[in-house]
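Analysis of the macromolecular model
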Amino acid sequence: MADPPGCCHPCATCLLCLYSCHWITAKEKRKGLRTTKCDCSWFLFLFCVFLFTLVWLYFAIIILNDFHNFNEFIFKQRKLWLDWSLVLVIATAVLITYSAALLVLALCLQLCGQPLKLHWLHKTLLILTALVVAAAFTGLGIKWAEEWRSARVSLQATGPFLHIGIVGGMTILAWPLASFIYHTRNTGLMVFLLLVYCMAMTALYLAPLGITSPCIMEENQLPPKPALVGHRGAPMLAPENTLMSLRKAADCDVQVFETDVMVSADGVPFLMHDEELTRTTNVQAVFPERTNLNSTAFNWTDLQKLDAGSWFLERRPFPTVQSLSAGDRNQVTGQRIPSLQQVLEAAKQSNISIMFDLRPENHSDYQSFVNATLKVILQSGIPLQQVLWLPDGFREQVKQQAPGVQQVYGRKRLQNEKEPLLRVNLPYQDMSSEEIRQYRQDNISVNLYVVNQPWLFSVLWCSGVSSVTTNACQVLKEMKHPIWLLPSSTYLMIWIVVDCASFLAILWAFFLLKKCSQRRWPAETETDVLLTKINSLMQE
């Protein structure tokens, strides 16, 4: 097979060596190695694996918003702390780089008119890549199914830009496609590929008709910036559920400190999220024989003996730990488990509200937990409107004893709601942009959790959410505007320009490669005629 103009033989041979792990000698070249149907099938498989891995890369980027929950889950199961997001990013980068490099080699070989002889080692690695990604998707669906809904939310932020990127990628694909079509002698295959490509491009050109995003709006329609709720304080800047974390959250202009309350064996409400103390204290060193006990099994005196800060420096739950100042590091090592009374006093001084869950909900003494918690709140002197009550258990009792406490519900409103909801607290995956707008029109405050990434905060901002619970208050505090905001007229112009530019580039690719192929065809035809005559003479 003759090399196209501009594709030197050494370059083509080098590309073929990387793809096929085999140097093509002059003798082999004279034999005319060609791409077989099996080779085409492997190229199609390579292309599918690349797309499959690319989709996983998108998911990996999206789920980084919630990956701290995964780290906590693994620690609860294996008692091993590791930032698994680094493992995810590195593994995904290796897989996408490998499949992309192979695909680029294949496309370059096609443009150079070389056979696509994929080596068995590459075939094996491609199969392994597909199996690894399939296993990752399967695990995601089984153990972390809500992330599928996160992906749907993410399309509101990325949809317009994904469309532009996919159109660009498919436009570039026109070059090797045109090269293959002008080289193949299989008319049926040529027609099939052209038909599929034209249908795909037509669908892409019209895709914006189905793309919706709350951030496609006029500047003057943008709702106010959502208030920030500190998830266990400011856990990227200080150990979670500590007084230091509350102070750091207040420095981030957080309006609400969200936390979790438990009650000790002697009736003292204190701050703790996990049912066990192993993740956020040094209970293994102080009480090794009681390590696996429930947090509520300890009395307040024993709880005060625990270090609730050093784990933060040792395990580094967030990358931001590395950038802490020396003064902050000294404060971290001095943190203890705070009582609810201490936290209410600090919240009163900082003039921020406190919202909490009371755990564990299935405890046999849960009503006594409610009573003990209410007693502390009423005795603290904090204005009751600064207290946001999340637990559903014994809610009517709370309303009677502390009517000034603001009730927050972890569910959507019902059609036959006896008492109108004023505040709801839900995962960000559970509410659509349309529902958020409707709740806002009905004066219902909507808080969504946990929102850490600026892209997600931007989507919810454009949707009109009242507040978001976040681990990254120091990041979201600095955002003065959504990441992007496009008037519909501007988006329409971008859509038209991109589609027109793509269409012209595709026409140019087919026209240019047709010219190149026509330059080769006369010479190849004359050679074929000469070889035919020589063959006839030898037979005579």
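What you see is a predicted model; the values in this text were computed from it and never measured.

Our focus in this paragraph is the packing of aromatic side chains. Following the criterion strictly, the structure yields 19 aromatic pairs and no others. For the ring pair F67 and W144, a centre distance of 5.8 Å and an interplane angle of 65° mean the geometry is edge-to-face. Separated by 77 residues along the polypeptide, F67 in helix α4 (residues 67–78) and W144 in the loop between α6 (120–143) and α7 (146–172) bring together distant segments of the chain. Assigned by exposure class, F67 and W144 land together as buried. On the numbers, 6.1 Å between centres and 35° between planes, the contact of W508 with F511 is tilted. One end of the pair is W508 and the other is F511, both in helix α21 (residues 488–539) and three residues apart, which spans about a single turn. On the accessibility criterion, F511 (46% relative accessible area) is partly exposed. Ring-pair connections join several aromatic residues into one group, and the members of that group are F52, W56, F59, F137 and W148. Sitting above the plane of the Y409 ring, R395 keeps its charged end 4.2 Å from the centroid. Positioned over the ring face of Y439 is R413, at 4.7 Å from the centre of the ring.

What follows concerns the pairing of strand β9 (residues 467–470). Where burial is concerned, the two faces of β9 agree: the one with S467 and T469 and the one with V468 and T470 are both buried. Bridge analysis of strand β1 (residues 227–231) against β9 gives four bridges, and the strand direction is parallel. Across the sheet, A227 pairs through a bridge with S467, a residue of β9. Pairing analysis gives two bridges linking strand β8 (residues 445–449) to β9, with the strands arranged parallel.

Buried residues dominate helix α19 (residues 454–463), accounting for nine of its 10 residues. Within α19, burial applies to W455, L456, F457, S458, V459, L460, W461, C462 and S463. Following α19 by one or two positions, G464 has its phi on the positive side, about 100°.

This part covers a nonpolar patch on the surface. A contiguous nonpolar patch, built from W120, L121, L125, I127, L128 and L131 and spanning about 580 Å² of accessible area, is present on the exposed surface. Following the sequence through the fold, L131 ends up in helix α6.

The next subject is the domain arrangement of the chain. Domain annotation of the chain identifies domain 1 (9–24 + 35–144), domain 2 (146–213 + 486–517) and domain 3 (227–477). The C-alpha-based centres of domain 2 and domain 3 are spaced at 47 Å. Of the residues lining the interface, eight residues belong to domain 2; the matching set on domain 3 comes to seven residues. When the area that domain 2 buries against domain 3 is broken down by residue, the three leading residues are R149, V153 and Q156, summing to 56%. Linking domain 2 to domain 3 there are one salt bridge. Between D430 and R149 there is a salt bridge, with the nearest N and O atoms lying 2.4 Å from each other. The interface formed by domain 2 and domain 3 contains four residue pairs in polar contact (both at pLDDT 80 or more). Here the side of domain 2 that touches domain 3 is built from residues that sort into two nonpolar, three polar and three charged.

Rules and cut-offs
Position labels on residues start from 1 in each chain and follow its written sequence. In view of the model being predicted, local features appear only for residues whose pLDDT reaches at least 70, and side-chain atom pairs are presented and counted only at 80 or more, with totals across whole chains, interfaces and linings using the full set of residues. Excluded from the side-chain calculation are hydrogens and water; included are all heavy atoms of the structure. A pair of Phe, Tyr and Trp rings is counted when the ring centres sit within 6.5 Å of each other, with Trp represented by its six-membered ring. The angle between the planes then sorts it: under 30 degrees is stacked, over 60 is edge-to-face, the rest tilted. Here a strand is any run of E in DSSP of at least two residues, a helix any run of H or I of at least four, and the numbering for each starts at the N terminus. When accessible area is computed with a 1.4 Å probe and restricted to protein chains, residues below 20% of their type maximum are described as buried, those above 50% as exposed, and intermediate ones as partly exposed. By definition, being over a ring means that NZ of Lys or CZ of Arg is both within 6 Å of the ring centre and within 35 degrees of the ring normal. Note on pairing: DSSP must find at least two bridges between two strands before they are called paired. In this scheme, patches are assembled from residues that exceed 30% relative accessible area and form no salt bridge. Like charges are connected within 9 Å, while nonpolar side chains (Val, Leu, Ile, Met, Phe, Trp, Tyr) are connected within 5 Å. What sets the accessible areas is the Shrake-Rupley method with a 1.4 Å probe; for residues, cover comes only from the shown protein chains. What makes a salt bridge here is a side-chain nitrogen of Lys or Arg within 4 Å of a carboxyl oxygen of Asp or Glu, nothing more. Domains are outlined according to an automatic or database domain assignment. Any pair of residues with heavy atoms lying within 4.5 Å of one another is described as a contacting pair. As a working definition, buried area equals the accessible area (1.4 Å probe) given up by two parts on being put together, with both sides summed. Here a polar contact means two N or O atoms within 3.5 Å. Within protein one must be a hydrogen donor candidate and the other an acceptor candidate, and residues neighboring in sequence count only if both atoms are side-chain atoms. Lys, Arg, Asp and Glu make up the charged group, whereas Ala, Val, Leu, Ile, Met, Phe, Trp, Tyr, Cys and Pro make up the nonpolar group; the residues left over, Gly among them, are polar.

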